[in-house]
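Observations on the model geometry
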Amino acid sequence: MQPNIGLEKDVLKQDNVLLNDFLSDLHVLYIKTRKYHWNVAGPNFMEYHKFFEKQYKAIEAEIDEVAERIRQLGGTPLATMAEFIHNTSLKEDSGKPKDTAEMFKNLLADHEQVVRELREDVEKCDDELKDAGTADFLTGLMEAHEAMAWMLRKYLS
């Protein structure tokens with residue numbers, strides 16, 4: 001059943017495309033963060049292990065929120081790794097585990113890319129699609145990724 005919430009069918013479709021792209025980014029970022037959680041080593045192991053765990057749990061919660069927003073707007077969330085890989089703008093981290101500094105740099109770059117893309121999506125939802133609800137929803141997620149990027153950046157300072 002089509003939602004009757006003051007948004008045209010085409011707007012809902014565009015919202016769901018950008019939300020599914022973001023959902024795909026979140027899955028790749030989640031897996032990468034989880035990989036680093038499992039593979040971090042060294043003198044600060046426990047601190048980094050717990051730090052990565054806190055970040056992947058935050059991303060996991062976002063994944064559910066984004067999927068639910070897609071459903072609220074009458075869409076269907078992507079749900080396979082093949083779909084996520086096809087629709088993400090992020091790169092997987094395959095191969096051998098990285099050193100800790102490289103882990104932090106990779107995650108920082110991904111969070112900053114997500115922030116830049118969300119900023120564009122917020123503007124599109126607000127100005128072009130006239131969907132204040134999705135713009136506000138994405139703004140909150142953008143701010144969360146700005147905070148995660150800030151924390152990662154502090155480890156590299």
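Please refer to the structure placed before this passage.
Below or above, wherever it landed, is the structure these notes cover. Note on numbering: residues in each chain are counted from 1, in written sequence order. Reporting in this predicted model follows two pLDDT cut-offs: at least 70 for local features of residues, and 80 or more for side-chain atom pairs to be given and counted; totals over whole chains, interfaces and linings ignore these cut-offs and use all residues. To obtain the side-chain values, all non-hydrogen atoms of the structure were used and water was disregarded.

Any two side chains of opposite charge can pair if their charged atoms end up close together. One side-chain nitrogen of Lys or Arg within 4 Å of one carboxyl oxygen of Asp or Glu is enough to make a salt bridge. Counting across every chain of the model gives six salt bridges. The residue Lys57 makes a salt bridge to Glu53 at a minimum N-O spacing of 3.3 Å. With Lys57 and Glu53 both in helix 2 (residues 45-72), this residue pair falls four residues apart, about one helical turn. With its nearest N and O atoms 4.0 Å apart, the salt bridge here joins Arg69 to Asp131. Pair noted here: Arg69 is in helix 2 and Asp131 is in the loop between helix 4 (100-128) and helix 5 (132-156), with a separation of 62 residues, a long-range link. What makes Arg69 buried here is its relative accessible area of 15%. Whether a residue is buried, partly exposed or exposed follows from its accessible area with a 1.4 Å probe, protein chains only, as a fraction of its type maximum: under 20%, in between, or over 50%, in that order. Classification of Asp131 as buried rests on a relative accessible area of 4%. Helix and strand assignments come from DSSP, with helices taken as H or I runs of at least 4 residues and strands as E runs of at least 2, each series counted from the N terminus.

So, about the packing of helix 1 (residues 9-39) against helix 2. For any two helices packed against each other, one specifies the inter-axial angle together with the distance between the axes. Axis geometry follows a simple rule: fit a line to the C-alpha atoms, using only the stretch in contact for helices, then measure angles between N-to-C directions, giving values from 0 to 180 degrees. The interhelical angle for the contact between helix 1 and helix 2, taken along N-to-C directions, is 160°, at an axis separation of 9 Å. On the basis of the axis angle, helix 1 is roughly antiparallel to helix 2. As for the relative orientation of helix 1 and helix 2, their crossing is left-handed in sense. Counted by class, the contact of helix 1 with helix 2 contains 14 nonpolar, seven polar and five charged residues. Orientation labels follow simple angle bins: below 35 degrees gives roughly parallel, above 145 gives roughly antiparallel, 65 to 115 gives roughly perpendicular, and whatever is left gives oblique. By definition, any crossing whose near helix is turned counterclockwise from its far helix by less than a right angle is left-handed, and any crossing with a clockwise turn is right-handed. Residue polarity is assigned by list, with Asp, Glu, Lys and Arg as charged and Ala, Val, Leu, Ile, Met, Phe, Trp, Tyr, Cys and Pro as nonpolar; anything else, Gly included, falls into the polar class.

A separate point is the environment of Phe137. Inspection of the secondary structure puts Phe137 in helix 5. Note on Phe137: relative accessible area 19%, which makes it buried. Linking Phe137 and Asp10, residues 127 residues apart in sequence, is a C-alpha distance of 19 Å. Beyond its immediate stretch of four places on either side in the chain, Phe137 contacts Leu19, Glu65, Val66 and Arg69. Note on contacts: a residue pair is in contact if any heavy atoms of the two residues lie within 4.5 Å.

On to the nonpolar core, then. Of all hydrophobic cores here, the largest spans 43 residues; its most connected members are Leu19, Phe22, Phe52, Val66 and Leu138. Those elements giving two or more residues to this core turn out to be helix 1, helix 2, helix 4 and helix 5. The dominant element in this core, judged by the number of residues it contributes, is helix 1, at 11 residues. In this view, Phe22 contacts Glu62, Val66, Val114, Leu118, Leu138, Leu141 and His145; residues no more than four positions away in its chain are not counted. Among buried residues, the Ala, Val, Leu, Ile, Met, Phe, Trp, Tyr and Cys ones that are joined through side-chain atoms within 4.5 Å form a nonpolar core.

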